[in-house]
Amino acid sequence: MQVTEINSDGLRRDFKVVVPASHLDQRMQDKLTQLAGTISLPGFRPGKVPLAIVRKKYSSAVLGEILEAAVNDAIGKAVESSGLRPAAQPKVEITSFAEGTDLEFDLAIEVMPEITLVDFATISLVRDKAIIADAEIDTVLTGIAERNGSTETVERAAASGDVVVIDFLGKLNGEPFPGGAAERYSLKLGSNTFIPGFEDQLIGLSAGDAKVIEVTFPEGYGNESLSGQPATFDITLHEVQASKPAEINDELAKAVGMESLDALKDAIRAEVGRDLTNASRLKVKRALLDALAASHDFPVPVSMVESEFEAIWKQLEEGRKAGQVDPADEGKSDDELKTEYRTLSERRVRLGLLLAEVGRVNEVTVTQDDINRAILNEARAYPGQEHLVLQYYQKNKDAIESLRAPVYEEKVVDFILEKASVTDREVAAEDLRREHAEAEGTATEGADEADEAEGDDSPKPKKRAPRKKSAE
C-alpha cells in the first residue's frame, strides 16, 4: 500500500492512496478461504465447499468488506505515519478501481489545530461575593409565613390578595357551556388562576353582591370550542376572606420541617448563599471564557464549525415554528443571522478545543464521585421529587453519560481559575441577581462548549441548548 501526502493546507491534509491489486487479491483469497471453512451448501459437507464455488457465490459480497478494510488501513497508516489527530471522519473518494486492478483513492483528513496555551496567571478576573442582608432573610421568612397562614372572613369589599367564595355560571352567546359552572368556589384574587380579566372584575365586590362579568378566552385555550371566544359569567359572591400570615416563630419553623426559627433562618441563609454563589460562578466563568477567547487565536476545523452551526440553525428554525424567537434576532434576514451564528459557532468550537487541550495537557479526568455529585445537584433542582430524578438516572445510562461533558468542562474551568489572578469583590445581593438575570436573558455560556471539550412525566434534568450570547 502506498500512501502519499499530496497537499497540506491549513488544517487539511490530502493523500493519494494506491492499494496494489495483489494485496486485494490476497485479502480476497484469505477471506474466502476462511468463509469456505464455515459455510454449508447443498451437496457438500460443512467446511468442504470448493474454493472456486465459494468465490463464484460470495466474491461480490466479500469485495465491499475488502475495500472498506483497505480504506481503513490507509487512514490508519496516514494518521500514524504523519502523527495526525483527525478532527472528523476523513473523506474518501475512489478515483480508480476495477476487479483485478489497483485500488486508487484520494483521502482528505481535517486535523486538530496546534494550540499554544497562554500563561493562565496573566488572566485577571473579578469574582463577586454577595453580601446577604438580614432584611433579605426577613423577606423570605415573610413569604413562608404568608404561604403557611390562614384566612379569616372580613366584612369589606374584596381586594387583591383576598380569597373570595363565589358561585359562577359561564355562558357563550347567552347559553351555559359544559364545565363553566361551580358553587362556593374559593378563588384567590391576583393568583391568575382563571382566564385574564376574570379576577380583576371581582375586586371591589362584597359579600352578597352579584355581577355579570365579560371576558374573552385566550387563543390557544385548552378547550378548542372556547379558544378566542367572548363569554359572560354570572357571579354571586358569598364571602370575602383576608389572608392572615402565620406568626414567625419556632412553631412556623417546625411546620416547615425545621427544629427552630434560628435553624430555619440558617437554612434560608444557606440556600440564598448557594444561589448567589452559583450566580457569581456563572459570571466569573463568562468573563474567563471571554478572556480565553481573546487571548487564543488558532484555526478551527471547518467541519466542526459547520456541525455546530447546523445544530444552532436547526434549533433556531424549531424555535420559529414554535413562535419563539430571540428578540435580538428580530428584523434580521437569514443571511445576517447565518453570518452571526457562524461566528458564534466558530467561537464555541475554538473554546471547546481550548478547554479540551487544557484538560488533556493537565490530565483532568471525571471520576464516578464527580458524576454522583452532578446527579445530586440535578435532583436538588426538583424539591420534593429528588427520588424521581435519582430513579431517572438509575434507569437511563445515557443520561448519566450526558453529564460527563459538562462536569469535565467545570473541572477544567476550576483548574484555570486556580491558576488565574482572581480578585474577590463584595457586592450587594440584589446587584448580583440583577446582573445574573440580565445575562441569563441573553443566555449563559454554560456547557455549550462541553461537547467539544471531551471528545415519561418524571422530572428530568434541564437541557442546555445552543443559544446566542451577549458576549458575542
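Residues numbered from 1 in each chain as written. Predicted model: local features only at pLDDT ≥ 70, side-chain atom pairs only at ≥ 80, totals over all residues. Heavy atoms only, no water.

As annotated in an unreviewed UniProt entry, the protein chain is Trigger factor from Magnetospirillum fulvum. The protein chain has a UniProt comment under Function (unreviewed entry) that states "Involved in protein export. Acts as a chaperone by maintaining the newly synthesized protein in an open conformation. Functions as a peptidyl-prolyl cis-trans isomerase." Listed under Subcellular location (unreviewed entry) in UniProt, the entry text for the protein chain is "Cytoplasm". (UniProt positions renumbered as here; feature names shortened; annotations may be inferred.)

Asker: Go over the sheet that holds strand β3 (residues 91-96) with me, naming the residues and quoting the values.
Answerer: The antiparallel open sheet is built from four strands, whose spatial order is β1-β2-β4-β3. The open sheet terminates on both sides in strands that have one partner only, identified here as β1 (2-9) and β3. Going from strand to strand, the sheet's axes swing by 20° on average, the running direction of each strand aside. Inspection of the sheet shows strand β2 (residues 12-19) paired to strand β4 (residues 103-110) by eight bridges, in the antiparallel sense. From the neighbouring strand, Lys16 faces β4, where its bridge partner is Asp106. In the packing of helix α2 (residues 51-82) onto the sheet, the strands contacted are β1, β2, β3 and β4, and the crossing angle to β4 comes to about 45°. (Pairing = 2+ DSSP bridges. Helix = DSSP H or I, 4+ residues; strand = E, 2+ residues; numbered from the N terminus. Axes fitted to C-alpha atoms, helices over the stretch in contact; angles between N-to-C directions. Contact = heavy atoms within 4.5 Å.)

Asker: Residue-level account of the UniProt feature "domain: PPIase FKBP-type" (unreviewed entry) in the protein chain, with values.
Answerer: Mapped onto this structure's residue numbering, the UniProt feature "domain: PPIase FKBP-type" (unreviewed entry) falls at residues 161-228. This span, residues 161-228, is 0% helix and 46% strand, and a straight line between its end C-alpha atoms measures 28 Å.

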